[in-house]
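Listed below are the residues making up each chain.
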Amino acid sequence: MSNSILSASAKGATLLILLQVSSRALTFAINQVLLRFLSPELLGLSVQLELYSISVLYFARESLRVALQRQSHGVQTVVNLSYLAVGLGVPLSGVLAWTWMRAGTPDVPYFGEALGVYVLATVVELATEPAFVAVQQTMR
């Protein structure tokens, strides 16, 4: 019995390691293709858009996540408080997008549309915050 458990654990660990190595190799290969075929302007634009998304998410939810992890008043209270991240994030994403457009847009086609897609994606990610906090609270 213990021998089968040990072999099953070794097989699972081996598969996990192979999955990690193959995932990293695939990510490396895709990054190399992107670096070879994209212009520096487009790579810079993608970094700017990612910076926008990370900034909105960080300022809207990280302080609340830390504070909510310390709460022990029940799941519903924590979920209700986590809606503050959505309330902060939606106006913040609009203000940051407006500031980004006013600061001078790069001479890249469809920059405004790409920023709009990032705004939408950031708001959708913020809308999932109450569910994330609920799951995190029940795991304690």
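Above this text is the structure in question.
In this report, we go over the structure that sits alongside the text. (Residues numbered from 1 in each chain as written. Predicted model: local features only at pLDDT ≥ 70, side-chain atom pairs only at ≥ 80, totals over all residues. Heavy atoms only, no water.)

## Looking at the overall build of the protein
Link 1 in the chain: What the protein contains, in helices and strands, is five helices and zero strands.
Link 2 in the chain: Start at the N end of the protein and walk to the C end: the helices and strands fall as α-α-α-α-α.
Link 3 in the chain: Taken over the C-alpha trace, the protein has a radius of gyration of 21 Å; the compact-globule value for 140 residues is 14 Å, which it surpasses by more than 25%.
Link 4 in the chain: By its C-alpha atoms, the protein is 70 × 50 × 20 Å across when sized along the principal axes.
Link 5 in the chain: A sequence separation of at least 24 residues applies to 83% of the contacts in the protein between residues at least 6 apart.
Link 6 in the chain: Surface summary for the protein: the accessible area is close to 9,900 Å², and the carbon and sulfur share equals 68%. (Helix = DSSP H or I, 4+ residues; strand = E, 2+ residues; numbered from the N terminus. Rg over C-alpha atoms; globule rule 2.2 N^0.38 Å. Contact = heavy atoms within 4.5 Å. Areas by Shrake-Rupley, 256 points an atom, 1.4 Å probe, with all protein chains shown as cover.)

## Some remarks on the packing of aromatic side chains
A ring pair, where both rings are aromatic, is described by two values, the distance of the centres and the angle of the planes.
Link 1 in the chain: Evaluation of the coordinates by the stated rule reveals two aromatic pairs.
Link 2 in the chain: Judged by centre distance (5.8 Å) and plane angle (80°), the rings of Y52 and W100 are edge-to-face. With Y52 in helix α2 (residues 40–69) and W100 in helix α3 (residues 75–102), this residue pair connects regions lying 48 residues apart in the sequence.
Link 3 in the chain: Residue Y52 is classed as buried on the basis of its relative accessible area of 0%.
Link 4 in the chain: Between Y58 and F59, the ring centres sit 5.6 Å apart and the planes meet at 70°, which makes this aromatic pair edge-to-face. (Phe/Tyr/Trp six-rings, centres within 6.5 Å; stacked < 30°, edge-to-face > 60°. Buried < 20%, exposed > 50% of the residue type's maximum accessible area, 1.4 Å probe, protein only.)

## A few points about unusual backbone geometry
Phi is mostly negative for residues that are not glycine, and the peptide bonds are mostly trans.
Link 1 in the chain: With a phi angle near 65°, Y110 is a residue other than glycine that sits in the positive phi range.
Link 2 in the chain: If you trace the backbone, Y110 turns up in the loop between α3 and α4 (111–127).
Link 3 in the chain: On the accessibility criterion, Y110 (63% relative accessible area) is exposed.

## Regarding the nonpolar core
Link 1 in the chain: Y52, F111 and L115 are the most contacted members of the largest nonpolar core, which has 13 residues in total.
Link 2 in the chain: Only α2, α3 and α4 provide two or more residues apiece to this core.
Link 3 in the chain: With six residues, α2 is the single largest residue contributor to this core.
Link 4 in the chain: Not counting residues up to four positions away in its chain, the partners in contact with L115 are L49, Y52, A97, W100 and M101. (Core = buried A, V, L, I, M, F, W, Y, C linked by side-chain atoms within 4.5 Å.)

## What about the pattern of salt bridges?
Link 1 in the chain: Taken as a whole and judged by the stated rule, the model has five salt bridges.
Link 2 in the chain: The salt bridge involving R61 is made with E62; its shortest N-O contact spans 3.6 Å.
Link 3 in the chain: Judged by relative accessible area, R61 falls into the buried class, the value being 11%.
Link 4 in the chain: We classify E62 as partly exposed; its relative accessible area is 26%.
Link 5 in the chain: We note a salt bridge from E125 to R61, for which the minimum N-O separation is 3.5 Å. Highlighted residues: E125 in helix α4 and R61 in helix α2, separated in sequence by 64 residues. (Salt bridge = Lys/Arg side-chain N within 4 Å of Asp/Glu carboxyl O.)

## Structural notes on the environment of E50
Link 1 in the chain: In this structure, E50 sits in helix α2.
Link 2 in the chain: Overall, E50 belongs to the partly exposed group, its relative accessible area being 36%.
Link 3 in the chain: Along the primary structure E50 and A60 are separated by ten residues, whereas in three dimensions their C-alpha atoms are 15 Å apart.

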